[in-house]
Amino acid sequence: MKHPGPLSGVRVTDLTATFMGPYCTQILADMGADVIKIEPPAGDTTRYVSVGPEPAMAGVFVNVNRGKRSAVLDLRTAGDKQALRRIAERTDVFIHSMRAQAIGRLGFGYDDVAALNPSVVYVNCYGFGRRGTDAGRVAYDDIIQAESGMVAAQEQLTGEASYSATIMADKISGLTAVYATVMALFHRERTGEGQEVEVPMFETMASFMLAEHANGALFTPPLGPAAYPRPVAPNRKPYRTKDGYISALVYSDKQWAAFTGAVRPSWDSPEFATLELRSRQIDRVYGLLGETFATRTTGEWLDLLRPLDIPCAPVRSLDELFDSEHLNSAGFFETVEAPYGPVRFPGPPAWFSRTPGRVAGPAPRLGEHTSQVRDEINGQDPS
């Protein structure tokens, strides 16, 4: 399972479940880390949430747990607690997605693990930071989307409160956990010091949403509401064409001049001449563009806009991504042989010239590597 990615030689003890934490550790595994996924006897609940090639191997689980090793430990028993302590003694990263009180009751809080392994990078992944008033609240993606302003922003855009059509909070928080973990490893590489890291979903998504939407609310006194007008403009949506939809962004002044010069819309005027002027009335601009895009087919627009270097694309389905000419020519998909058949994974998106990542292997069956891991902690580690 080892491969020469940038994290080759790093061992991760993974007590995460559902999506945020497993997405983080999937990326670590793709980058060469040896990820030992510790599961309870019933397994990660995500094993059972969608279709799969065999029981307890749902597609969602298979994708975010690829390349890991699964060891089943029942942490309600003294023997398996001791086994986890032995694993923790020789790990580089200890990451979990339990609430702070729960992991503490099990005897695997940061102080407990650091006493066994002072150089450990210990990563907490949960809903709310423990220094705030909501510490300990249970949270899932939908809850954090609502708390973080994402649902309200969707309502500004569409007129109806709605969630994103992807588990945005889980994935953004998982990516944040990746960079936080790697930063702590970098610090340890320089100083030898381990440390505790906390990645709360609410704080992560508040930071994510406010990156652009803080806007006028940043200042004292506020110069406007917390909103960046362009993303929440009701007319910001794919444009309907004669035969479908197109996504197009006529953004810069150069692009605007090229578009109006080629199309010569009747509504063009000096009041739209600069990005600053257009930004002040962006919803009106989107509405006028929408009227114009309705006059030609999607193909006609693509043929016109691409030579002008105006960003545009047809609206594709998720299924169509598997047939994307670009993704396939770039080698994005990786087919891995698994006991339950070949699996075509979307591979790591980041490219390294010297230490490339790759899909390290299939997702493990429940407890597939329990004996192997126990042998390692008993001194029979072949490495």
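Definitions and cut-offs
- Residues numbered from 1 in each chain as written.
- Predicted model: local features only at pLDDT ≥ 70, side-chain atom pairs only at ≥ 80, totals over all residues.
- Heavy atoms only, no water.
- Salt bridge = Lys/Arg side-chain N within 4 Å of Asp/Glu carboxyl O.
- Helix = DSSP H or I, 4+ residues; strand = E, 2+ residues; numbered from the N terminus.
- Buried < 20%, exposed > 50% of the residue type's maximum accessible area, 1.4 Å probe, protein only.
- Pairing = 2+ DSSP bridges.
- Axes fitted to C-alpha atoms, helices over the stretch in contact; angles between N-to-C directions.
- Phe/Tyr/Trp six-rings, centres within 6.5 Å; stacked < 30°, edge-to-face > 60°.
- Lys NZ or Arg CZ within 6 Å of the ring centre and 35° of its normal.
- Right-handed = clockwise from strand over helix to strand, strands pointing away.
- Contact = heavy atoms within 4.5 Å.

Where charged atoms from two side chains of opposite charge approach closely, those side chains can pair. Inspection of the entire model under this criterion finds 21 salt bridges. Measuring nitrogen to oxygen at the nearest pair gives 3.4 Å for the salt bridge that ties arginine 11 to aspartate 34. Placement of arginine 11 in strand β1 (residues 11–15) and of aspartate 34 in strand β2 (residues 34–39) is noted, with a sequence separation of 23 residues between them. Aspartate 34 matches arginine 11 in its accessibility class, with the two residues each being buried. Here arginine 365 and glutamate 54 are joined by a salt bridge, their closest N and O atoms 2.7 Å apart. Residue arginine 365 is located in the loop between β11 (343–346) and α17 (370–380), and its partner glutamate 54 is located in the loop between β2 and α2 (59–64); the two are separated by 311 residues in the primary sequence. According to the relative accessible area criterion, glutamate 54 is partly exposed, its value standing at 23%.

Let us now look at the sheet that holds strand β5 (residues 121–126). Strand order in the open sheet made by the six strands is β3-β2-β1-β4-β5-β6, with parallel pairing throughout. In this open sheet, the two edge strands, each paired with only one partner strand, are β3 (69–72) and β6 (195–200). Each neighbouring strand pair of the sheet contributes to a mean axis angle of 20 degrees, computed without reference to strand direction. Pairing analysis gives four bridges linking β1 to strand β4 (residues 93–96), with the strands arranged parallel.

Per the stated rule, a full pass over the model turns up 14 aromatic pairs. Ring geometry for phenylalanine 19 and tyrosine 23: centres 5.8 Å apart, planes at 35 degrees, overall tilted. Both residues of the pair, phenylalanine 19 and tyrosine 23, belong to the buried class. Look at tyrosine 110 and tyrosine 122: their rings are 5.6 Å apart centre to centre, the planes differ by 70 degrees, and that puts the pair in the edge-to-face class. One end of the pair, tyrosine 110, is in helix α5 (residues 110–116); the other, tyrosine 122, is in strand β5, with 12 residues separating them in the sequence. The two residues tyrosine 110 and tyrosine 122 agree in class, both being buried. Put simply, the rings of Phe94, Phe108, Tyr110 and Tyr122 pair up and form one aromatic cluster. Lying over the aromatic face of tryptophan 301, arginine 296 brings its terminal NZ or CZ to 4.9 Å of the ring centre. If you follow arginine 344 out to its NZ or CZ, it ends over the ring of phenylalanine 333, 4.3 Å from the centre.

In this section: the pairing of β3. The sheet contact formed by β2 and β3 spans four bridges and is parallel. Across the sheet, residue isoleucine 38 finds its bridge partner in β3, namely alanine 71. In this view, the connection linking β2 to its parallel neighbour β3 by way of α2 has right-handed handedness.

The three strands are arranged β7-β8-β9 in an open sheet whose pairing can be described as antiparallel. Single-partner strands in this sheet number two, and they are β7 (239–240) and β9 (312–314). Relative to β9, strand β8 (residues 245–248) is paired through three bridges, and the arrangement is antiparallel. Across the sheet, residue serine 247 finds its bridge partner in β9, namely alanine 313. Contacting β8 and β9, helix α14 (residues 298–305) crosses the sheet at an angle of about 25 degrees to β8.

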